[in-house]
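The residues making up each chain are set out below.
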Amino acid sequence: SEHTVRFDLVVIGSGPGGEACAKRAAQNGLSVAIVERRELGGTCLNRGCIPTKLFLGATECIHELAAQSKFKLLSGSIQPNLPALQKRKEQVLNGSRQGLRKSFEQLGIALFEGSAHIHDASHIDVQLSDGPQAIEFGNLVLATGSAPSAFPGLEPDGERILDSDGILDLTEIPESLILVGGGVIGLELGRFFSRLGTKITVVEALDRLAPFEDPDVSKTIAQLCKREKWKLLLGKRVQSLRSTAEHAELTLESGEELTADRVLVATGRGPVFDGLGLEESACTQDSRGFIQVDEYLKAAAGIYAIGDLNGQALLAHAASHQGQYVADIIAGKTSAPYSSGPMPWCIYGAPESIRVGKMAEDMRAEGLSPVVSQYALAANPIAQAHALAQGFIKILWNDGKICGVTAVGHGVSHLITQATLMVSESWTLADAHRIIWAHPTLDEALLHAILADQTAV
Ligand code: FAD
């Protein structure tokens, strides 16, 4: 129709994937539109990475006080103010949303605020507040992300049974909280509430916390949780959940009954494409329900799927890296298949943990014999200074080259980029000696782990 507007590239979703894709495409000289139906910035800014780290950062002093007071260096108590923290969260997020809006303007990216629906192989419709807008695209990038998913019967009710979206808006500190799921989201949010004084219970179906990490990392995390009086119910499955006026009730498959003020269901996330009209396209889903893509992240002719939606790695930096790649493919700046390189993984809170590259069990599965060198953080002066010295760094070697790094302890997330570089460049011992490592730093613990005796495991 005469009202149809046309862009070389239309991106649906303004999370880290869509944002990075739209910006890179504009820099590549393409005409670009981005469509968003909720707040700008997606899950990461509004309901994910950013609010969780804000909460953890704002309460870190509580954890540090507890650590130093063991030595009677500090005493007293800190009174958290959750309503004030919620207000501060809104201010920070608002500032970032405004910054994002401005950067789209500056790059000449057209922003359409409304729900997008695929119309045919070259058009979408956007439901704007003043009516529908037809947009013709040269290429379409789907970056519609993911949302919390729950097993049937374990769905949140928005009252006492919450998912990560709901719990981020609480203004009252729960007296007790049951985490269903001991993975990254449960651990980070559990840590935050634990600092506020909430009694934490974790129910995890697998036999350890952080089940995707190195087993020794899981062990260290569990030790520190127990020290803070968390109750860990590992290898236990939840059968049912319900809210009453007084509390949330939970029944385990073993028959045990638990009650708490609130329950956080953090059992996983699934792709978002409701209302998107995928049936109007040739896109297909994989066995887990995520959108299937080829080695160029293409989901159908002229349509790409990036970020959480394709399920490759549910991480903000994975989404933005994929977004930039697709913008380069569309602009003809590259024709190579997509490769992320080694993916950095972090769990925040206390302790933090990181992982990049291979773990010992990956190597065994590939028929390789893993060789490990490791270092305990207890000997690191910075860890000692913070009185938070529990943890370790493990380096995994293949043929004299670093192929994996995993660590757990206070502040280790700050080591992730150096670790990623070492794995990505397959560092040898000689590489570690090429640079000066500043002293005293936590980074030196990486060096000591590299230099430590290598043993077969
Ligand atoms: P999203 O960020 O989910 O954005 C998708 C956007 O698309 C949304 O804004 C949505 O409204 C919009 N949309 C959907 N459908 C339509 C439609 N039809 N029309 C218009 N718009 C539409 N990752 C990290 O790397 N580090 C962390 O520390 C971290 N912490 C996290 C903590 C929590 C509690 C959670 C839940 C997640 C965390 N993540 C973290 C994961 C990270 O948030 C996601 O990997 C990331 O946001 C994915 O980006 P995306 O661009 O693929 O999609």
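Calculation criteria
Residues numbered from 1 in each chain as written. Predicted model: local features only at pLDDT ≥ 70, side-chain atom pairs only at ≥ 80, totals over all residues. Core = buried A, V, L, I, M, F, W, Y, C linked by C-beta atoms within 7 Å. Buried ≥ 20, exposed ≤ 12 C-beta atoms within 10 Å, placed from the backbone. Helix = DSSP H or I, 4+ residues; strand = E, 2+ residues; numbered from the N terminus. Contact = placed C-beta atoms within 7 Å. Near = placed C-beta within 6 Å. Nonpolar A, V, L, I, M, F, W, Y, C, P; charged D, E, K, R; others polar. UniProt positions renumbered as here; feature names shortened; annotations may be inferred. Pairing = 2+ DSSP bridges. Axes fitted to C-alpha atoms, helices over the stretch in contact; angles between N-to-C directions. Parallel < 35°, antiparallel > 145°, perpendicular 65-115°, else oblique. Left-handed = near helix turned anticlockwise from the far one by under 90°.

Examining the nonpolar core
Link 1 in the chain: Judged by nonpolar contacts, the single largest core of 71 residues is most densely connected at Ile 178, Leu 179, Val 180, Val 263, Leu 264, Ile 395 and Ala 419.
Link 2 in the chain: A total of six residues in this core trace back to one element, the largest contributor, which is helix α6 (residues 184-195).
Link 3 in the chain: Excluding residues that lie within four positions of it along the chain, Leu 264 makes contacts with Leu 162, Ile 167, Leu 177, Leu 179, Val 180, Gly 186 and Leu 189.
Link 4 in the chain: In terms of nonpolar packing, the next biggest core, distinct from the first, is built from 54 residues, Leu 45, Leu 142, Ala 143 and Tyr 325 among them.

Section: the site of the ligand
Link 1 in the chain: In the vicinity of the ligand there are 37 residues, among which Gly 13, Gly 15, Gly 42, Gly 145 and Gly 307 approach most closely.
Link 2 in the chain: Put simply, the parts of the chain that give the shell around the ligand at least two residues each are α1 (16-27), β2 (32-36), α2 (42-47), α3 (49-69), β4 (115-120) and α8 (316-330).
Link 3 in the chain: Here the element with the most residues in the shell around the ligand is α2; it accounts for four residues.
Link 4 in the chain: Here the shell around the ligand is built from residues that sort into 15 nonpolar, 17 polar and five charged.

A few points about unusual backbone geometry
Link 1 in the chain: Omega for the bond connecting Ala 350 with Pro 351 falls within 30 degrees of zero, at 0 degrees, which places this linkage in the cis form.
Link 2 in the chain: Structurally, Pro 351 can be placed in the loop between β19 (345-347) and β20 (352-357).
Link 3 in the chain: The peptide bond linking His 439 to Pro 440 adopts the cis configuration, its omega dihedral lying at -10 degrees.
Link 4 in the chain: Residue placement: Pro 440 occurs in the loop between α12 (429-432) and α13 (443-451).
Link 5 in the chain: Phi is positive for Lys 229, which is not a glycine, with a value near 70 degrees.
Link 6 in the chain: Mapped onto the fold, Lys 229 is located in the loop between α7 (215-227) and β11 (231-234).
Link 7 in the chain: Although it is not a glycine, Ala 387 adopts a positive phi angle of roughly 55 degrees.
Link 8 in the chain: Checked against the element boundaries, Ala 387 lands in the loop between α10 (381-385) and β22 (392-398).

Thoughts on the environment of Glu 256
Link 1 in the chain: Topologically, Glu 256 is positioned in the loop between β13 (248-252) and β14 (257-260).
Link 2 in the chain: What makes Glu 256 exposed here is the crowd of 12 C-beta atoms within 10 Å.
Link 3 in the chain: Distance in space between the C-alpha atoms of Glu 256 and Ile 185 is 24 Å, their sequence separation being 71 residues.

Describing the UniProt feature "binding site: NAD(+)" (unreviewed entry) in the chain
Link 1 in the chain: The feature "binding site: NAD(+)" (unreviewed entry), as annotated in UniProt, sits at Gly 181, Gly 182, Gly 183, Val 184, Ile 185, Gly 186, Leu 187, Glu 188, Glu 204 and Gly 268 in this numbering.
Link 2 in the chain: Within the secondary structure, Leu 187 is located in helix α6.
Link 3 in the chain: Residue classification places Leu 187 among the buried residues on the basis of 27 C-beta atoms within 10 Å.
Link 4 in the chain: Not counting chain neighbours up to four residues away, the residues in contact with Leu 187 comprise Gly 182, Leu 209, Ala 210, Ile 221, Ile 347 and Gly 349.

A short note on the sheet that holds strand β9 (residues 176-180)
Backbone-to-backbone hydrogen bonds join strands into a sheet, with any given pair of strands oriented parallel or antiparallel.
Link 1 in the chain: Taken in spatial order, the five strands make up an open sheet running β8-β15-β9-β10-β11, and their pairing is parallel. The open sheet is flanked by β8 (161-162) and β11, the only strands paired with a single partner.
Link 2 in the chain: As paired elements, β9 and strand β15 (residues 262-265) share four bridges and run parallel to each other. Within β15, the residue paired with Leu 177 across the bridge is Arg 262.
Link 3 in the chain: Sheet strands touched by α6: β9, β10 (199-204) and β15. Its angle to β10, the strand with the most contacts, is close to 165 degrees.

Structural notes on the packing of α1 against α8
Link 1 in the chain: α8 packs onto α1 with a crossing angle of 30 degrees between their chain directions and a minimal axis gap of 7 Å. With respect to their mutual orientation, α1 and α8 come out roughly parallel. In terms of crossing hand, the pair formed by α1 and α8 is right-handed. Two secondary-structure elements touch here, α1 through Pro 16, Gly 17, Gly 18, Ala 20, Cys 21, Arg 24 and Ala 25 and α8 through Ala 316, Ala 319, Ser 320, Gln 322, Gly 323, Gln 324, Val 326, Ala 327, Asp 328 and Ile 330.
Link 2 in the chain: Looking at the contact of α1 with α8 residue by residue, the class counts come to nine nonpolar, six polar and two charged.

What about the environment of Glu 249?
Link 1 in the chain: Tracing the backbone through its elements, the reader meets Glu 249 in strand β13.
Link 2 in the chain: On the basis of neighbour counts, which here come to 18 C-beta atoms within 10 Å, the residue Glu 249 falls in the partly exposed class.
Link 3 in the chain: Separated by 126 residues in the primary sequence, Glu 249 and Tyr 375 place their C-alpha atoms 43 Å from one another.

Re the UniProt feature "domain: FAD/NAD(P)-binding" (unreviewed entry) in the chain
Link 1 in the chain: Here, UniProt's "domain: FAD/NAD(P)-binding" (unreviewed entry) annotation points to residues 7-323.
Link 2 in the chain: The distance from the first to the last C-alpha atom of residues 7-323 is 17 Å, and the span holds 32% helix and 27% strand.

Description of the sheet that holds strand β23 (residues 401-409)
Link 1 in the chain: Taking strand neighbours across the sheet as the criterion, the six strands line up as β19-β20-β23-β22-β21-β24 in an open arrangement whose pairing is antiparallel. A strand with exactly one partner marks an edge of an open sheet, and here the two such strands are β19 and β24 (455-456).
Link 2 in the chain: Where strand β21 (residues 371-376) and β22 come together, six bridges link them in antiparallel fashion. Bridged to Gln 374 within β22 is Lys 394.
Link 3 in the chain: Strands β20 and β23 of the sheet are contacted by α7, whose axis makes an angle of about 10 degrees with β23.

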